[in-house]
Amino acid sequence: MITGYFLIEWAIRSSVLIVSGAVLLWLLRVKDPSIRLAACIAAVCGSLAMPLFTAALPKLPVVVMQASAAPTLNGTAPMDAPAFAVTMVDGSQAGGAGSWMDWSGVLLGVYAFVAGLLFLRLGIGLLLARKLRLQSRATELTDGGAEIRESERVAAPVTVGLRRPVILLPADWREWGEAKLEAVLAHERSHVRRKDPAVQFLSAMHRALLWHSPLSWVLHRSIVRLAEDVSDDAAVAVTRDRTSYAELLLEFMQGGVRVNWHGAAMARYGSAEARIHRILNSTFLSTGVPRGAAAIICLVALPIAYVAAAAMPSRAVRAVSNTSVSAGPMAVMASAQTASGQGPATSSSAVHARSEGAYRRYVIVLGDTQSGSWDSSEPASPENLRSRFGNRFAWFRQGGAEHVITDDGVLRELERAMEPQKRVNVQQDQVNRLQSAVNELQGKMNGRQSEVNAVQDKVNAQQAVVNAAQATMNRRQDLLNRIHDAGSRESSEAAVKKVEALLKELRATPGASSQDEVNRLQSKVNEEQGRVNELQGKVNAEQGRVNEEQHKVNAEQGKVNVEQARVSKEFNARIQEIFDSAIRRGLTKTGK
């Protein structure tokens with residue numbers, strides 16, 4: 001159970017760190033992918049070091065308003081009235097400690113299994129990358145300190161290696177033009193300078209350890225995407241032609257990645273359309289992280305990491321009670337009293353009436369059920385009181401003294417006073433079951449929506465291919481038109497040279513499909529889009545039905561809340577009358 005708490009706390013603190021960094025980047029309007037990548041790397045390092053920071057750094061108390069330590073049927077904690085909750089002696093309502101220990105073991109087993117699979121996948125990727133490197137061949141190309149090799153097993157350029165990255169080129173690289181080769185090497189040199197394979201390996205380890213935190217997956221995807229954005233900018237800076245580089249990149253992305261090794265592959269990215277759109281439309285080229293920006297990142301990251309690692313919630317109120325409608329103004333007053341040293345207050349009577357005649361704590365035990373308002377840190381807990389007074393009694397603190405009632409007549413009055421609250425608890429249980437059913441339906445709708453999104457992504461990728469084919473065909477047609485115009489003029493040496501240059505450019509342009517072929521592809525894309533729209537319509541209709549059911553549940557919950565408020569008010573007044581009557585009739589005895 002301690003290990004489970006550690007993993008949950010680690011995930012929460014890591015999420016606070018990542019979200020804080022993302023919000024800060026958004027507030028500062030940081031667009032440079034190099035700076036954003038450096039911030040993401042700092043977040044990974046800080047998250048991995050979070051357990052060490054938490055253990056070593058001095059704690060930073062953070063006051064958290066805490067109303068109750070006892071869960072209720074609707075999952076809320078009471079703060080403005082000491083209402084009523086039914087708990088079986090064997091702990092069957094809230095689940096006993098043994099049950100939680102069993103579940104914690106199962107959950108830890110699931111965590112270890114998933115983490116093991118992710119680490120296994122990571123290890124296999126490293127072995128494949130090493131095998132790929134060993135089976136590759138050296139080339140005559142040199143690039144500073146980076147080794148350039150070739151392999152038939154890669155369809156697109158890739159950089160592999162943790163300590164000494166190596167650039168791997170496809171076997172047909174000698175058929176490329178000079179401009180294409182320069183763009184590719186500029187892209188891969190950017191990965192080598194930043195040690196991107198090692199950075200992405202560290203991020204993948206972080207994701208495997210914190211796989212139960214969705215933000216660890218988001219952070220890893222961001223690191224991979226931003227590394228490619230920075231390298232794309234490096235390639236565009238060399239080629240000075242965004243359109244040509246976009247065509248080159250699209251060619252590699254259509255070829256895909258043949259082997260799932262661990263490395264920075266030029267063709268591996270998220271949405272092809274988004275990447276091409278960024279290259280063609282961006283007016284900014286990243287030139288790396290300036291020293292000043294790096295210093296600012298460190299200065300800002302340190303206090304954020306300290307707060308995320310050292311923050312320790314400090315409960316302002318710690319009292320056990322039962323079902324309540326909401327944490328309203330009375331809860332704030334109760335918390336303020338606790339913080340000032342006056343002790344926790346869990347009822348509206350204790351807040352409003354500070355007179356000696358109002359009860360401050362009470363416990364009612366009637367066989368297998370118990371209810372009340374008590375502080376579990378005090379000796380007067382239900383377990384301790386049962387050992388002293390048996391299984392049928394009422395204990396309360398009033399006027400600075402403790403009182404115990406064991407008279408059957410008074411206990412029957414208290415039992416009758418509890419009946420309305422029991423009925424409200426049953427109604428709340430029914431609402432909870434309805435909510436669970438609606439949540440299950442919503443989960444199914446989310447799954448259907450994910451399927452629709454996956455099909456839409458495929459349609460978008462196909463549309464990008466169609467657009468690229470159309471652009472290439474348009475380019476070739478433009479060259480043909482220019483050749484025709486040059487050839488139709490009066491023959492001259494200048495015209496001949498111009499035609500020869502245009503023919504050379506035409507031969508260098510990749511072959512394009514005919515207009516009919518492009519139209520056929522576009523028609524297929526339109527058909528797929530129609531299917532997506534039809535599926536989306538069905539999902540929207542089903543979502544509408546789910547929303548209607550949720551509206552009904554909300555209406556029922558509102559009725560239960562109103563009834564709960566009324567019953568709690570009447571119950572508090574009634575038990576106060578019963579306690580006062582028992583004292584006047586001498587039916588109480590001291591609790592000491």
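On a predicted model such as this, the values are computed, not experimentally measured, just so you know. Residue positions are given per chain, counted from 1 along the sequence in the order it is written. Per-residue local features of the predicted model are confined to residues with pLDDT of at least 70, and side-chain atom pairs are confined, for both listing and counting, to 80 or more; whole-chain, interface and lining totals are unaffected and use all residues. Excluded from the side-chain calculations are hydrogens and water; all other atoms, namely the structure's heavy atoms, are used.

1. Some points on the overall build of the protein chain
When helices and strands are counted, the protein chain shows 16 helices and 12 strands. With a 1.4 Å probe rolled over the protein chains alone, any residue whose accessible area is under 20% of its type maximum counts as buried; one over 50% counts as exposed, and the rest are partly exposed. Out of the 592 residues belonging to the protein chain, those deemed buried represent 41%. Partitioning the intrachain contacts of the protein chain with sequence separation of at least 6 by distance along the chain shows that 74% fall at a separation of at least 24. Only the protein chains shown count as covering a residue, and every accessible area follows the Shrake-Rupley method with a 1.4 Å probe. Here the protein chain has roughly 31,100 Å² of accessible surface; of this, 59% comes from carbon and sulfur atoms. The way it works is that DSSP assigns letters per residue, a run of H or I at least four long becomes a helix, a run of E at least two long becomes a strand, and they are numbered from the N terminus. Any two residues having at least one pair of non-hydrogen atoms within 4.5 Å are treated as being in contact.

2. Digging into helix α13 (residues 382–389)
Listed as buried for α13 are P382, L385, R386 and F389. Buried positions in α13, seen along its axis, are confined to an arc of 105° and lie on one side of it. Those residues of α13 that are exposed and angled more than 90 degrees off the buried face are E383 and S387. Following α13 by one or two positions, G390 has its phi on the positive side, about 95°. What the arc describes is the spread of directions from the helix axis to the C-beta atoms.

3. Some words on the packing of aromatic side chains
Each aromatic pair joins two rings of Phe, Tyr and Trp (for Trp, the six-membered one) with centres within 6.5 Å, and gets the label stacked for planes under 30 degrees apart, edge-to-face for over 60, and tilted for any other angle. As enumerated under the stated definition, the model contains 6 aromatic pairs in all. Geometrically, the ring pair formed by F396 and F579 is stacked, given 4.0 Å between the ring centres and 10° between the ring planes. Note that F396 is positioned in strand β10 (residues 392–398) and F579 in helix α16 (residues 515–584), a separation of 183 residues in sequence. Each of the two residues, F396 as well as F579, counts as buried. Connected via pairs of aromatic rings, a cluster forms that spans Y362, F396 and F579.

4. Quick notes on a nonpolar patch on the surface
Only residues whose relative accessible area exceeds 30% and that form no salt bridge enter a patch; like-charged residues are grouped when within 9 Å of one another, and nonpolar side chains (Val, Leu, Ile, Met, Phe, Trp, Tyr) when within 5 Å. When a carboxyl oxygen of Asp or Glu lies within 4 Å of a side-chain nitrogen of Lys or Arg, that pair is called a salt bridge. A surface patch of nonpolar side chains, about 520 Å² in accessible area, is lined by V19, V23, W26, L27 and L28. Structurally, L28 can be placed in the loop between α1 (2–27) and α2 (33–48).

5. Re the pairing of strand β5 (residues 166–170)
With 5 of its 5 residues buried, β5 lies for the most part within the structure. Residues V166, L168 and P170 line one face of β5 and the alternating positions I167 and L169 line the opposite face, and both faces are buried. Where strand β3 (residues 147–151) meets β5, 5 bridges bridge the pair, whose relative direction is parallel. Residue pairing across strands places S151 opposite P170, the latter belonging to β5. If DSSP finds at least two bridges between two strands, the strands pair. Both strand β4 (residues 158–160) and β5 contribute to a ladder of 3 bridges, which runs antiparallel. Residue pairing for β5: V160 is matched across the bridge by V166. The turn linking β4 back onto β5 is made up of 5 residues, and G161 within it adopts a positive phi angle of 110°.

6. With respect to the environment of K552
Along the chain, the position of K552 falls in helix α16. Considering only alpha carbons, one finds K552 and Q435, 117 residues apart in sequence, at a separation of 9.7 Å.

7. Re the pattern of salt bridges
For the structure shown, the criterion picks out 26 salt bridges. One salt bridge connects E152 with R137, and the closest N-O pair in it is separated by 2.6 Å. In this pair, E152 sits in the loop between β3 and β4 while R137 sits in strand β2 (residues 137–138), placing the two residues 15 residues apart along the sequence. When its relative accessible area of 44% is taken as the criterion, E152 is described as partly exposed. A salt bridge links R566 to E570; its shortest N-O distance comes to 3.0 Å. Taken as a pair, R566 and E570 lie in helix α16 at a separation of 4 residues, close to a single helical turn.

8. Considering the environment of M473
Structurally, the position occupied by M473 is in helix α14 (residues 408–488). By relative accessible area, which is 15% here, M473 ends up buried. The spatial distance from the C-alpha of M473 to the C-alpha of Q515 is 7.9 Å, given a sequence separation of 42 residues.

9. A closer look at the pairing of strand β11 (residues 401–405)
Most of β11 is tucked away, with 4 of its 5 residues classed as buried. Counted between consecutive antiparallel strands, the loop separating β10 from β11 contains 2 residues, among which G399 sits at a positive phi close to 60°.

10. Description of the nonpolar core
Take the buried residues of types Ala, Val, Leu, Ile, Met, Phe, Trp, Tyr and Cys, join any two whose side-chain atoms come within 4.5 Å, and each joined set is a nonpolar core. Grouped together as the largest cluster of nonpolar side chains are 23 residues, with contacts concentrated most on L169, W176 and Y245. Counting residues per element, the ones that place at least two in this core are β5, α5 (178–194), α7 (214–239), α8 (242–255) and α9 (272–281). It is α8 that provides the largest number of residues to this core, a total of 7 residues. With near-sequence residues (within four places) excluded, L169 lies in contact with L141, I148, R149, E150, S151, V154, P157, W176, L181 and V184. Counting 17 residues, the second largest nonpolar core, distinct from the first, contains L366, L414, I575 and A582.

11. Notes on the packing of α7 against α9
Contact geometry of α7 with α9 gives a least axis separation of 11 Å together with a crossing angle of 40°. In this view, α7 runs oblique relative to α9, as classed from their interaxial angle. Here the hand of the crossing between α7 and α9 comes out right-handed. In contact with E228, D229, D232, D233 and V236 of α7, α9 contributes R275, R278 and I279. Polar here means any residue other than Ala, Val, Leu, Ile, Met, Phe, Trp, Tyr, Cys and Pro, which are nonpolar, and Asp, Glu, Lys and Arg, which are charged; Gly is therefore polar. Split by residue class, the contact of α7 with α9 holds 2 nonpolar, no polar and 6 charged. As a rule, the C-alpha atoms of each element are fitted with a line to give its axis, helices using only the stretch in contact, and angles between N-to-C directions run from 0 to 180 degrees. Here the angle decides the label: under 35 degrees means roughly parallel, over 145 means roughly antiparallel, 65 to 115 means roughly perpendicular, and every other value means oblique. Whether a crossing is left-handed or right-handed is set by the direction in which the near helix is turned from the far one by less than a right angle, anticlockwise for left-handed and clockwise for right-handed.

12. Regarding α9
All buried positions along α9 are accounted for by R275, I276, R278 and I279. The buried residues of α9 all sit within an arc of 160° when viewed along its axis, so they share a single face.

13. With respect to the confidence of the model for the protein chain
Per-residue confidence from the prediction method is given by pLDDT, with values spanning 0 to 100. Mean pLDDT over the protein chain: 77, with 75% of residues reaching 70 or higher. Every residue in residues 66–100 scores below 50 in pLDDT, and together they form 101 contacts with partners more than four places removed in sequence or on other chains. Per-residue pLDDT stays below 50 along residues 315–356; that stretch engages in 119 contacts with residues further than four places along the chain or on separate chains.

14. Some remarks on the side chain of S231
Along the polypeptide, S231 turns up in helix α7. A polar contact is formed between the side chain of S231 and the side chain of H191, at a distance of 3.4 Å. Within polar-contact distance, the side chain of S231 engages the side chain of R194 at 3.0 Å. Ignoring sequence-local partners within four residues, the contact set of S231 consists of H187, S190, H191 and R194. Under this definition, polar contacts are N or O atom pairs within 3.5 Å; protein pairs additionally need one hydrogen-donor-capable and one acceptor-capable atom, and for neighbouring residues in sequence, both atoms have to be side-chain atoms.

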